[in-house]
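# Architecture and fold: a report
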Amino acid sequence: TSPDRYLQRCCPEDLRRRRTVKNRVKRMPSVGEEECLVLDGWERLETSNGIPYYSNKQLQKTQWDHPMMKLLEAELKELDEVRFVAYRTAMKLRAVQKNTRMSLVRLTTVKQVLFQNGLEGQSEGASQMMDVSDVQSVVHSLYQQAHDDRWGQVSLKHCAELMINWLLNVYDCGRTGKMRVMSLKVGIATLSQARLEEKYTYLFEQICSVDSRVDKDSLKSLLKDWLLIARQLVKAECKAFGGNSPKAGVDSCFQYVGAPADRHTVSYDELMKWLWAEPQTIVFIPTMHRLAAAETMKHDVKCNECKEYPMVGMRFRSMKHVNVDLCQVRSHFCCNGVVYFSDLCRAASLPVVE
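Here is a short report on the structure shown in this document.

About the thresholds
Residues numbered from 1 in each chain as written. Predicted model: local features only at pLDDT ≥ 70, side-chain atom pairs only at ≥ 80, totals over all residues. Heavy atoms only, no water. Helix = DSSP H or I, 4+ residues; strand = E, 2+ residues; numbered from the N terminus. Buried < 20%, exposed > 50% of the residue type's maximum accessible area, 1.4 Å probe, protein only. Contact = heavy atoms within 4.5 Å. Areas by Shrake-Rupley, 256 points an atom, 1.4 Å probe, with all protein chains shown as cover. Axes fitted to C-alpha atoms, helices over the stretch in contact; angles between N-to-C directions. Parallel < 35°, antiparallel > 145°, perpendicular 65-115°, else oblique. Left-handed = near helix turned anticlockwise from the far one by under 90°. Nonpolar A, V, L, I, M, F, W, Y, C, P; charged D, E, K, R; others polar. Salt bridge = Lys/Arg side-chain N within 4 Å of Asp/Glu carboxyl O. Polar contact = N/O pair within 3.5 Å; in protein donor to acceptor, adjacent residues only side chain to side chain. Pairing = 2+ DSSP bridges. Phe/Tyr/Trp six-rings, centres within 6.5 Å; stacked < 30°, edge-to-face > 60°. Lys NZ or Arg CZ within 6 Å of the ring centre and 35° of its normal. Core = buried A, V, L, I, M, F, W, Y, C linked by side-chain atoms within 4.5 Å.

Below, the discussion takes up the overall build of the protein chain. Along the protein chain, the regular secondary structure elements total 13 helices and 14 strands. Taking all 354 residues of the protein chain together, 52% fall into the buried category. Summarising the internal contacts of the protein chain: among those between residues at least 6 apart in sequence, 63% fall at separations of at least 24. Carbon and sulfur atoms make up 51% of the accessible area of the protein chain, which amounts to about 16800 Å² in all.

In structure tokens:
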């Protein structure tokens, strides 16, 4: 449903809360730049139940997405050139993480803000719902805390608005005004700054029972929230990770750890063992962490295609040829700082390994 039709049905004029924003922006701002929320001519409005949307009287247009979200979507569109869906999804997720500045928000900050809002340590969180207005309050508190911790490196309003927009696109694309508490936790924890093991451990704690075990339904709920992220990033291609059904991932987990047919729970060690095996259901998450870790990594070898030396970023070695290494090409396959894989990486005749 478009915002226009929604407002005609549900929101009389006196229920709209207008907040005009004036600053002009032509690209995604970097850390330290002046805060920019929306383009000239756009207004941030809210429906009666607190769902944000944006209106432009000059264009006679309304839309759910923040105008800067459109810029982010254009950046993500450029990554469609990356052939392999796991890398493509991971690189898009990394772009979202950097543009929302969640790469600067520590997981410890996430835990603290959720605790302050009474959302930490709730065993019923997998099914509990929260209003969008509460989601906005949590996100704004999160960025305020991150702003204080980082001495102003995080742009408060811009980052918060963009993050709220992304969360709604992933977990409330129909703009119902409701979101599961667990979905919020998964979304912000996945994008936060922390080691992968810390994120896995935190999410395990959110879905485990009092005896520190996870049942199939709880695991299914967690995997579904991760798959919704993949669906928002790569649309129909999320079938590569199981589509919208996490059942295959749950079955894979129990089979991998050798659980008997009559057992319906797994322990922390068993779940971690499966997650560290990088199952196809969530392979884009550890891949994103490897991409992030390799962004500034230098290799003392030369790329056999573009001759870059030293090789920066991820390094790919041929499985069929001796001393053939390929890099993430930063020239002909680079646009606005986005790194693409070269034709040699794509060629089926030259399989490579990280």
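Here the narrative resumes.
Where helix α2 (residues 67–78) meets helix α3 (residues 85–99), the axes come as close as 10 Å, and the angle between the chain directions of the two elements is 150 degrees. Our classification of the angle between α2 and α3 gives roughly antiparallel. Where α2 crosses over α3, the two elements pack in a sense that is right-handed. Counted together, Leu72, Glu75 and Leu76 of α2 and Lys92, Ala95, Val96 and Asn99 of α3 form the full contact between these two elements. Looking at the contact of α2 with α3 residue by residue, the class counts come to four nonpolar, one polar and two charged.

Okay, the pattern of salt bridges next. Taken as a whole and judged by the stated rule, the model has 15 salt bridges. Salt bridges linked by common partners bring Arg44, Glu46 and Glu161 together as one network.

To continue, consider the side chain of glutamine 136. Along the polypeptide, glutamine 136 turns up in helix α5 (residues 132–149). Assessed through its relative accessible area of 7%, glutamine 136 is described here as buried. Looking at glutamine 136, its side chain comes within polar contact range of the main-chain oxygen of glycine 50, at 2.7 Å. Excluding anything up to four places from it in sequence, glutamine 136 contacts Arg44, Glu46, Gly50, Pro52 and Ile164.

To continue, consider the pairing of strand β3 (residues 52–56). Most of β3 sits inside the fold, with five of its five residues counted as buried. Burial along β3 is two-sided: the face carrying Pro52, Tyr54 and Asn56 and the face carrying Tyr53 and Ser55 are both buried. In this sheet, β3 lies alongside strand β2 (residues 42–46) in antiparallel orientation, the contact comprising five bridges. Bridge pairing in β3 places leucine 45 opposite tyrosine 53. When β3 meets strand β4 (residues 61–63), the two strands line up antiparallel, connected through three bridges. By the bridge assignment for β4, serine 55 is matched with threonine 62. Linking two consecutive strands that pair antiparallel, namely β3 and β4, is a turn of four residues; a positive phi of about 50 degrees is found at glutamine 60 within it.

Of all the 11 residues making up helix α12 (residues 284–294), eight are buried; the element is thus mostly covered by neighbouring parts of the structure. Along α12, the residues classified as buried are Phe284, Ile285, Pro286, Thr287, Met288, His289, Leu291 and Ala294.

Time to look at the packing of aromatic side chains. This model, assessed by the stated rule, comprises five aromatic pairs. Between tyrosine 200 and tryptophan 276, the aromatic rings sit 5.8 Å apart at their centres with planes inclined by 75 degrees, giving edge-to-face as the arrangement. Taken together, the residues span a long stretch of sequence, with tyrosine 200 in helix α8 (residues 196–207) and tryptophan 276 in helix α11 (residues 268–276) at a distance of 76 residues. An aromatic cluster is present here, built from Tyr200, Trp226 and Trp276 joined pairwise through their rings. Just above the ring of phenylalanine 254 sits the side chain of lysine 216; from NZ or CZ to the centre is 5.0 Å.

The phi angle at glutamine 60 is positive, at roughly 50 degrees, despite the residue not being glycine. Its location among the elements puts glutamine 60 in the loop between β3 and β4. With a relative accessible area of 73%, glutamine 60 lands in the exposed category. Here arginine 175, not a glycine, exhibits a phi torsion of approximately 55 degrees, which is positive. Positionally, arginine 175 belongs in the loop between α6 (156–171) and β6 (178–180).

With respect to the helices and strands, the residue glutamine 144 is situated in helix α5. A residue is classified by how much of its surface remains accessible, and glutamine 144, at 36% relative accessible area, is partly exposed. Counting along the chain gives 31 residues from glutamine 144 to valine 113, while the straight-line C-alpha distance between them is 9.8 Å.

What follows deals with the nonpolar core. Nonpolar side chains tend toward joint burial in soluble globular proteins. Counting 88 residues, the largest nonpolar core has Trp166, Leu167, Trp226 and Leu271 as the members making the most contacts within it. What tryptophan 226 contacts, discounting residues up to four positions off in sequence, is Val186, Thr190, Tyr200, Leu203, Leu275, Ile282, Phe284 and Ile285.

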